[in-house]
Amino acid sequence: MTYLKSLPLAAAVLASATGAAHADWPADRPVEMIVAYAPGGGTDIMLRTLAPYLESELDAQFPVLNRPGAAGEITYTALSQARPDGYTVSSLNTPGFLTMQIDRKLRFDPAEICPIARIVEDPGTFIVPASSDFQTLEDLVAFAKENPGAVSIGTTGVGTDEHMAMLQLERSADIDLTAIPFGGANEAKTALLGGHITAIGLNVGEYATADKNAMRALGQFAEERSVLAADLPTAKEQGYDVIMSSERGLATRCEVPEEIRARLAEAVNAALANPEFQAQAQQQSLPLSFQSGSDWQAAMPARLDRYREIFALIKEGQ
(Lines give C-alpha, C1' and ligand atoms only; values in the text may rest on other atoms or scores of the structure.)
Protein backbone atom coordinates (compact mmCIF):
# COMPACT_ATOMS: atom_id res chain seq x y z
CA MET A 1 0.00 0.00 0.00
CA THR A 2 2.78 2.39 0.93
CA TYR A 3 4.53 1.54 -2.36
CA LEU A 4 1.38 2.25 -4.38
CA LYS A 5 0.89 5.63 -2.67
CA SER A 6 4.47 6.58 -3.49
CA LEU A 7 4.01 6.13 -7.24
CA PRO A 8 2.65 9.64 -7.97
CA LEU A 9 5.50 11.19 -5.99
CA ALA A 10 8.05 9.05 -7.85
CA ALA A 11 6.54 10.05 -11.16
CA ALA A 12 6.70 13.72 -10.19
CA VAL A 13 10.35 13.39 -9.17
CA LEU A 14 11.17 11.62 -12.45
CA ALA A 15 9.37 14.29 -14.48
CA SER A 16 11.22 17.00 -12.58
CA ALA A 17 14.57 15.30 -13.21
CA THR A 18 13.76 14.85 -16.89
CA GLY A 19 12.81 18.50 -17.21
CA ALA A 20 16.06 19.52 -15.53
CA ALA A 21 18.00 17.31 -17.92
CA HIS A 22 16.29 19.05 -20.85
CA ALA A 23 17.16 22.44 -19.39
CA ASP A 24 20.80 21.43 -18.97
CA TRP A 25 21.21 20.09 -22.51
CA PRO A 26 23.83 19.77 -23.90
CA ALA A 27 25.53 19.89 -20.45
CA ASP A 28 29.13 19.73 -21.70
CA ARG A 29 28.49 16.52 -23.64
CA PRO A 30 29.42 16.37 -27.34
CA VAL A 31 26.57 16.33 -29.86
CA GLU A 32 27.51 13.92 -32.65
CA MET A 33 26.67 15.22 -36.11
CA ILE A 34 26.36 12.46 -38.73
CA VAL A 35 26.89 13.41 -42.37
CA ALA A 36 25.21 11.25 -45.00
CA TYR A 37 27.96 11.75 -47.59
CA ALA A 38 31.73 11.45 -47.83
CA PRO A 39 34.13 14.23 -46.78
CA GLY A 40 34.61 17.10 -49.19
CA GLY A 41 31.11 17.25 -50.68
CA GLY A 42 28.61 20.07 -50.29
CA THR A 43 26.82 18.56 -47.28
CA ASP A 44 30.06 17.82 -45.47
CA ILE A 45 31.42 21.33 -46.10
CA MET A 46 28.15 22.92 -44.96
CA LEU A 47 28.07 21.13 -41.62
CA ARG A 48 31.80 21.46 -40.93
CA THR A 49 31.45 25.19 -41.57
CA LEU A 50 28.41 25.36 -39.27
CA ALA A 51 29.77 23.20 -36.43
CA PRO A 52 32.07 25.79 -34.73
CA TYR A 53 29.21 28.29 -34.59
CA LEU A 54 26.86 25.75 -33.01
CA GLU A 55 29.62 24.96 -30.53
CA SER A 56 29.85 28.63 -29.64
CA GLU A 57 26.08 29.03 -29.29
CA LEU A 58 25.55 25.90 -27.17
CA ASP A 59 28.92 25.61 -25.41
CA ALA A 60 29.36 22.02 -26.56
CA GLN A 61 31.41 20.13 -29.12
CA PHE A 62 29.84 19.05 -32.42
CA PRO A 63 32.14 16.33 -33.81
CA VAL A 64 31.35 15.42 -37.42
CA LEU A 65 31.10 11.75 -38.42
CA ASN A 66 30.77 10.80 -42.08
CA ARG A 67 28.62 7.73 -42.77
CA PRO A 68 28.10 7.70 -46.56
CA GLY A 69 26.21 5.13 -48.55
CA ALA A 70 22.78 4.17 -49.90
CA ALA A 71 22.00 7.81 -50.78
CA GLY A 72 21.82 8.69 -47.08
CA GLU A 73 19.92 5.67 -45.78
CA ILE A 74 22.89 4.54 -43.66
CA THR A 75 22.93 7.86 -41.84
CA TYR A 76 19.15 8.06 -41.38
CA THR A 77 19.11 4.51 -40.04
CA ALA A 78 21.88 5.37 -37.56
CA LEU A 79 19.97 8.47 -36.45
CA SER A 80 16.74 6.51 -35.99
CA GLN A 81 18.59 4.00 -33.79
CA ALA A 82 20.27 6.65 -31.63
CA ARG A 83 18.91 7.53 -28.20
CA PRO A 84 16.38 10.38 -28.54
CA ASP A 85 18.28 12.57 -26.07
CA GLY A 86 19.54 15.29 -28.41
CA TYR A 87 23.12 14.08 -28.52
CA THR A 88 22.88 12.73 -32.08
CA VAL A 89 21.83 14.84 -35.05
CA SER A 90 22.31 14.31 -38.77
CA SER A 91 22.34 15.99 -42.12
CA LEU A 92 19.06 15.88 -44.02
CA ASN A 93 19.11 15.98 -47.81
CA THR A 94 16.33 16.14 -50.32
CA PRO A 95 15.46 14.77 -52.77
CA GLY A 96 17.30 11.66 -51.49
CA PHE A 97 15.42 11.50 -48.17
CA LEU A 98 12.15 11.56 -50.10
CA THR A 99 12.95 9.49 -53.18
CA MET A 100 14.25 6.57 -51.16
CA GLN A 101 10.71 6.27 -49.81
CA ILE A 102 9.53 5.57 -53.36
CA ASP A 103 11.85 2.92 -54.70
CA ARG A 104 12.67 0.57 -51.83
CA LYS A 105 11.84 -0.77 -48.38
CA LEU A 106 13.79 1.25 -45.81
CA ARG A 107 15.55 0.23 -42.62
CA PHE A 108 14.15 3.29 -40.83
CA ASP A 109 10.80 5.07 -40.57
CA PRO A 110 10.98 8.50 -42.26
CA ALA A 111 8.18 9.71 -40.00
CA GLU A 112 10.55 9.39 -37.03
CA ILE A 113 12.97 12.00 -38.43
CA CYS A 114 12.18 15.69 -37.95
CA PRO A 115 13.91 18.56 -39.76
CA ILE A 116 15.49 21.25 -37.59
CA ALA A 117 16.21 23.67 -40.43
CA ARG A 118 17.00 23.84 -44.12
CA ILE A 119 20.29 25.67 -44.53
CA VAL A 120 21.19 25.45 -48.22
CA GLU A 121 19.41 25.02 -51.54
CA ASP A 122 21.87 24.39 -54.36
CA PRO A 123 20.89 23.86 -58.04
CA GLY A 124 22.31 20.85 -59.85
CA THR A 125 24.62 20.78 -62.85
CA PHE A 126 26.41 18.22 -65.02
CA ILE A 127 30.20 18.42 -65.17
CA VAL A 128 32.61 17.01 -67.77
CA PRO A 129 36.42 17.05 -67.92
CA ALA A 130 37.89 20.18 -69.47
CA SER A 131 39.22 17.94 -72.26
CA SER A 132 35.72 16.72 -73.19
CA ASP A 133 34.27 17.52 -76.61
CA PHE A 134 30.97 18.42 -74.90
CA GLN A 135 30.60 22.17 -74.42
CA THR A 136 26.86 22.22 -73.63
CA LEU A 137 24.01 19.93 -72.62
CA GLU A 138 22.97 19.99 -76.26
CA ASP A 139 26.30 18.43 -77.23
CA LEU A 140 25.90 15.66 -74.65
CA VAL A 141 22.32 14.99 -75.74
CA ALA A 142 23.28 14.82 -79.41
CA PHE A 143 25.95 12.21 -78.65
CA ALA A 144 23.60 10.22 -76.42
CA LYS A 145 21.00 10.06 -79.19
CA GLU A 146 23.57 8.48 -81.51
CA ASN A 147 25.01 6.22 -78.77
CA PRO A 148 22.22 5.00 -76.44
CA GLY A 149 23.53 4.11 -72.97
CA ALA A 150 27.11 5.14 -73.79
CA VAL A 151 26.99 8.35 -71.74
CA SER A 152 27.64 7.53 -68.07
CA ILE A 153 26.68 9.99 -65.32
CA GLY A 154 28.24 9.76 -61.87
CA THR A 155 25.76 10.29 -59.01
CA THR A 156 25.80 9.89 -55.24
CA GLY A 157 23.10 7.22 -55.35
CA VAL A 158 19.65 6.26 -56.56
CA GLY A 159 17.11 9.03 -56.03
CA THR A 160 19.64 11.76 -55.26
CA ASP A 161 19.31 15.13 -56.96
CA GLU A 162 21.92 14.16 -59.58
CA HIS A 163 20.04 10.96 -60.38
CA MET A 164 16.69 12.75 -60.54
CA ALA A 165 18.18 15.37 -62.88
CA MET A 166 19.49 12.58 -65.08
CA LEU A 167 16.06 10.92 -65.20
CA GLN A 168 14.44 14.22 -66.16
CA LEU A 169 16.98 14.84 -68.92
CA GLU A 170 16.42 11.33 -70.28
CA ARG A 171 12.70 12.01 -70.44
CA SER A 172 12.95 15.54 -71.79
CA ALA A 173 15.50 14.70 -74.50
CA ASP A 174 14.32 11.13 -75.22
CA ILE A 175 17.75 9.60 -74.58
CA ASP A 176 19.21 6.73 -72.55
CA LEU A 177 21.93 7.51 -70.00
CA THR A 178 23.77 5.20 -67.58
CA ALA A 179 23.89 6.12 -63.88
CA ILE A 180 27.05 5.23 -61.93
CA PRO A 181 26.66 5.66 -58.13
CA PHE A 182 29.47 6.83 -55.83
CA GLY A 183 29.76 7.39 -52.09
CA GLY A 184 30.36 11.12 -52.45
CA ALA A 185 31.20 13.99 -54.76
CA ASN A 186 34.97 13.62 -54.36
CA GLU A 187 34.86 9.95 -55.42
CA ALA A 188 32.83 10.94 -58.47
CA LYS A 189 35.29 13.72 -59.35
CA THR A 190 38.20 11.28 -59.14
CA ALA A 191 36.44 8.87 -61.51
CA LEU A 192 35.61 11.71 -63.90
CA LEU A 193 39.14 13.08 -64.05
CA GLY A 194 40.46 9.54 -64.43
CA GLY A 195 38.40 9.10 -67.58
CA HIS A 196 36.17 6.38 -66.13
CA ILE A 197 32.83 8.14 -66.68
CA THR A 198 31.46 10.72 -69.11
CA ALA A 199 30.09 13.27 -66.67
CA ILE A 200 29.09 13.73 -63.04
CA GLY A 201 26.26 15.46 -61.29
CA LEU A 202 27.37 18.19 -58.91
CA ASN A 203 25.73 21.24 -57.45
CA VAL A 204 26.52 24.75 -58.57
CA GLY A 205 28.00 25.53 -55.15
CA GLU A 206 30.36 22.56 -55.44
CA TYR A 207 31.32 23.52 -58.98
CA ALA A 208 32.01 27.10 -57.90
CA THR A 209 34.97 25.90 -55.84
CA ALA A 210 36.21 23.35 -58.40
CA ASP A 211 39.26 23.68 -60.61
CA LYS A 212 37.86 25.23 -63.80
CA ASN A 213 41.04 24.19 -65.65
CA ALA A 214 40.15 20.55 -64.96
CA MET A 215 36.39 20.45 -65.48
CA ARG A 216 33.54 22.28 -67.17
CA ALA A 217 29.82 22.66 -66.40
CA LEU A 218 27.30 22.07 -69.19
CA GLY A 219 24.23 23.75 -67.69
CA GLN A 220 22.40 24.30 -64.41
CA PHE A 221 19.06 22.78 -63.38
CA ALA A 222 17.41 25.89 -61.95
CA GLU A 223 14.46 28.08 -62.93
CA GLU A 224 16.87 31.01 -63.11
CA ARG A 225 20.65 31.24 -63.16
CA SER A 226 22.25 31.02 -59.74
CA VAL A 227 24.27 34.01 -58.57
CA LEU A 228 27.12 31.52 -58.09
CA ALA A 229 27.16 30.77 -61.83
CA ALA A 230 25.60 33.72 -63.63
CA ASP A 231 27.30 32.80 -66.93
CA LEU A 232 26.06 29.19 -66.95
CA PRO A 233 22.86 28.66 -68.99
CA THR A 234 20.00 26.73 -67.44
CA ALA A 235 18.78 23.47 -68.95
CA LYS A 236 15.54 25.24 -69.87
CA GLU A 237 17.50 27.85 -71.82
CA GLN A 238 18.99 24.96 -73.79
CA GLY A 239 15.59 23.41 -74.47
CA TYR A 240 15.33 20.76 -71.72
CA ASP A 241 12.77 20.65 -68.92
CA VAL A 242 15.07 19.78 -66.00
CA ILE A 243 14.63 21.45 -62.61
CA MET A 244 16.48 19.94 -59.66
CA SER A 245 18.32 21.21 -56.61
CA SER A 246 19.83 19.81 -53.44
CA GLU A 247 18.26 20.94 -50.17
CA ARG A 248 20.56 20.41 -47.21
CA GLY A 249 19.86 20.87 -43.55
CA LEU A 250 19.89 19.36 -40.09
CA ALA A 251 17.58 16.82 -38.45
CA THR A 252 16.96 14.89 -35.23
CA ARG A 253 14.69 12.09 -34.18
CA CYS A 254 11.16 13.38 -33.60
CA GLU A 255 11.24 11.74 -30.16
CA VAL A 256 13.91 14.18 -29.03
CA PRO A 257 12.16 16.45 -26.49
CA GLU A 258 10.65 19.53 -28.05
CA GLU A 259 12.62 21.84 -25.75
CA ILE A 260 15.90 20.41 -27.05
CA ARG A 261 14.84 20.59 -30.68
CA ALA A 262 13.79 24.22 -30.12
CA ARG A 263 17.15 25.09 -28.56
CA LEU A 264 19.00 23.45 -31.43
CA ALA A 265 16.86 25.34 -33.96
CA GLU A 266 17.57 28.62 -32.14
CA ALA A 267 21.31 27.86 -32.25
CA VAL A 268 21.15 27.20 -36.00
CA ASN A 269 19.23 30.45 -36.52
CA ALA A 270 21.79 32.39 -34.50
CA ALA A 271 24.69 30.78 -36.37
CA LEU A 272 23.19 31.60 -39.77
CA ALA A 273 22.68 35.22 -38.68
CA ASN A 274 26.31 35.52 -37.61
CA PRO A 275 28.20 37.73 -40.11
CA GLU A 276 31.34 35.62 -39.63
CA PHE A 277 29.46 32.46 -40.59
CA GLN A 278 27.90 34.23 -43.59
CA ALA A 279 31.35 35.33 -44.76
CA GLN A 280 32.65 31.78 -44.43
CA ALA A 281 29.62 30.39 -46.24
CA GLN A 282 30.23 32.81 -49.11
CA GLN A 283 33.89 31.79 -49.20
CA GLN A 284 32.81 28.13 -49.40
CA SER A 285 30.19 28.94 -52.08
CA LEU A 286 27.33 27.72 -49.89
CA PRO A 287 24.06 29.15 -51.30
CA LEU A 288 22.30 29.79 -47.98
CA SER A 289 18.52 29.42 -48.17
CA PHE A 290 17.10 29.14 -44.64
CA GLN A 291 13.77 27.49 -44.02
CA SER A 292 12.43 26.52 -40.61
CA GLY A 293 12.12 22.82 -39.85
CA SER A 294 8.32 23.03 -39.74
CA ASP A 295 8.08 24.88 -43.06
CA TRP A 296 10.54 22.50 -44.72
CA GLN A 297 8.61 19.49 -43.43
CA ALA A 298 5.32 20.99 -44.62
CA ALA A 299 6.74 21.38 -48.15
CA MET A 300 7.96 17.79 -48.41
CA PRO A 301 4.67 16.02 -49.34
CA ALA A 302 4.32 18.11 -52.52
CA ARG A 303 7.96 17.45 -53.40
CA LEU A 304 7.45 13.72 -52.82
CA ASP A 305 4.44 13.75 -55.17
CA ARG A 306 6.57 15.41 -57.88
CA TYR A 307 9.32 12.82 -57.48
CA ARG A 308 6.78 10.00 -57.71
CA GLU A 309 5.64 11.47 -61.03
CA ILE A 310 9.22 11.53 -62.34
CA PHE A 311 9.79 7.89 -61.37
CA ALA A 312 6.43 6.90 -62.88
CA LEU A 313 7.23 8.60 -66.19
CA ILE A 314 10.54 6.78 -66.44
CA LYS A 315 8.96 3.42 -65.67
CA GLU A 316 6.35 4.01 -68.36
CA GLY A 317 9.13 4.45 -70.90
CA GLN A 318 10.96 1.24 -69.91
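Criteria and cut-off values
- Residues numbered from 1 in each chain as written.
- Predicted model: local features only at pLDDT ≥ 70, side-chain atom pairs only at ≥ 80, totals over all residues.
- Heavy atoms only, no water.
- Helix = DSSP H or I, 4+ residues; strand = E, 2+ residues; numbered from the N terminus.
- Rg over C-alpha atoms; globule rule 2.2 N^0.38 Å.
- Buried < 20%, exposed > 50% of the residue type's maximum accessible area, 1.4 Å probe, protein only.
- Contact = heavy atoms within 4.5 Å.
- Arc of directions from axis to C-beta.
- Polar contact = N/O pair within 3.5 Å; in protein donor to acceptor, adjacent residues only side chain to side chain.
- Core = buried A, V, L, I, M, F, W, Y, C linked by side-chain atoms within 4.5 Å.
- Disulfide = S-S within 2.5 Å.
- Salt bridge = Lys/Arg side-chain N within 4 Å of Asp/Glu carboxyl O.
- Pairing = 2+ DSSP bridges.
- Right-handed = clockwise from strand over helix to strand, strands pointing away.
- Axes fitted to C-alpha atoms, helices over the stretch in contact; angles between N-to-C directions.
- Parallel < 35°, antiparallel > 145°, perpendicular 65-115°, else oblique.
- Nonpolar A, V, L, I, M, F, W, Y, C, P; charged D, E, K, R; others polar.

1. Re the overall build of the chain
Line of reasoning, step 1. A count of helical and extended segments in the chain gives 11 helices and 10 strands.
Line of reasoning, step 2. For 318 residues, the compact-globule formula gives about 20 Å, and the C-alpha radius of gyration of the chain, at 22 Å, lands near that figure.
Line of reasoning, step 3. Dimensions of the chain, computed from the C-alpha atoms along their principal axes, are close to 85 × 45 × 30 Å.
Line of reasoning, step 4. The burial tally for the chain puts 53% of its 318 residues in the buried class.
Line of reasoning, step 5. Expressed as a percentage of contacts within the chain between residues at least 6 apart in sequence, the contacts between residues at least 24 apart total 79%.

2. Examining helix α5 (residues 137-146)
Side chains that are three or four residues apart share a direction in an α-helix, a result of its 3.6 residues per turn.
Line of reasoning, step 1. Considered for burial, the residues of α5 that qualify are L137, L140, V141 and A144. Looking straight down α5, one finds its buried side chains confined to an arc of 100 degrees; they lie on one side.
Line of reasoning, step 2. Of the residues flanking the start of α5, the one acting as N-cap is T136, its side-chain oxygen 3.3 Å from the backbone nitrogen of E138.

3. Some remarks on the nonpolar core
Line of reasoning, step 1. Judged by nonpolar contacts, the single largest core of 42 residues is most densely connected at L169 and L177.
Line of reasoning, step 2. Once residues within four sequence positions are removed from consideration, L169 is found in contact with F126, L137, L140, V141, D174, I175, L177, Y240 and V242.

4. What about the state of the cysteines?
Line of reasoning, step 1. Applying the stated criterion across every chain yields a total of 1 disulfide.
Line of reasoning, step 2. Here C114 connects covalently by a disulfide to C254, the sulfurs 2.0 Å from one another. The chirality of the disulfide connecting C114 with C254 is right-handed, given an S-S dihedral of about 105 degrees. Note that C114 is positioned in strand β4 (residues 113-129) and C254 in the loop between β9 (245-253) and α9 (258-273), a separation of 140 residues in sequence.
Line of reasoning, step 3. In this structure C114 comes out as buried when scored by relative accessible area, which is 10%.

5. Quick notes on the pattern of salt bridges
Line of reasoning, step 1. Following the criterion strictly, the structure yields 13 salt bridges and no others.
Line of reasoning, step 2. The partner of R48 in a salt bridge is D44, with the nearest N and O atoms 2.8 Å apart. On the criterion of helical spacing, the pair formed by R48 and D44 is a turn pair, its members being 4 residues apart in helix α2 (residues 42-58).
Line of reasoning, step 3. R48 gets classed as partly exposed once you look at its relative accessible area, which sits at 40%.

6. Quick look at the side chain of T155
Line of reasoning, step 1. You can see T155 is positioned in strand β5 (residues 152-155).
Line of reasoning, step 2. Using a relative accessible area of 3% as the deciding quantity, one classes T155 as buried.
Line of reasoning, step 3. With near-sequence residues (within four places) excluded, T155 lies in contact with T160, E162, H163, I180, P181 and F182.

7. Quick word on the pairing of β5
Line of reasoning, step 1. Because side chains alternate across β5, one face comprises the buried residues S152 and G154, and the other comprises I153 and T155, equally buried.
Line of reasoning, step 2. Examined bridge by bridge, β5 and strand β6 (residues 178-181) share 4 bridges and lie parallel to one another. Bridged to G154 within β6 is I180.
Line of reasoning, step 3. Crossover handedness for the path β5 to helix α6 (residues 161-173) to β6: right-handed.

8. A short note on the packing of α2 against helix α10 (residues 275-283)
Line of reasoning, step 1. One way to put it is that α2 packs onto α10 with a least axis distance of 10 Å and a crossing angle of 170 degrees. Relative to α10, α2 is oriented roughly antiparallel. Contacts between α2 and α10 pair T49, L50 and Y53 from the former with E276, F277 and Q280 from the latter.
Line of reasoning, step 2. In terms of residue class, the contact of α2 with α10 is made up of 3 nonpolar, 2 polar and 1 charged.

9. What to know about the side chain of T125
Line of reasoning, step 1. With respect to the secondary-structure elements, T125 resides in strand β4.
Line of reasoning, step 2. In terms of polar contacts, T125 uses its side chain to reach the backbone carbonyl oxygen of G219, at 2.6 Å.
Line of reasoning, step 3. Once residues within four sequence positions are removed from consideration, T125 is found in contact with I200, G201, L202, N203, V204, Y207, A217, L218, G219, Q220, F221 and L232.

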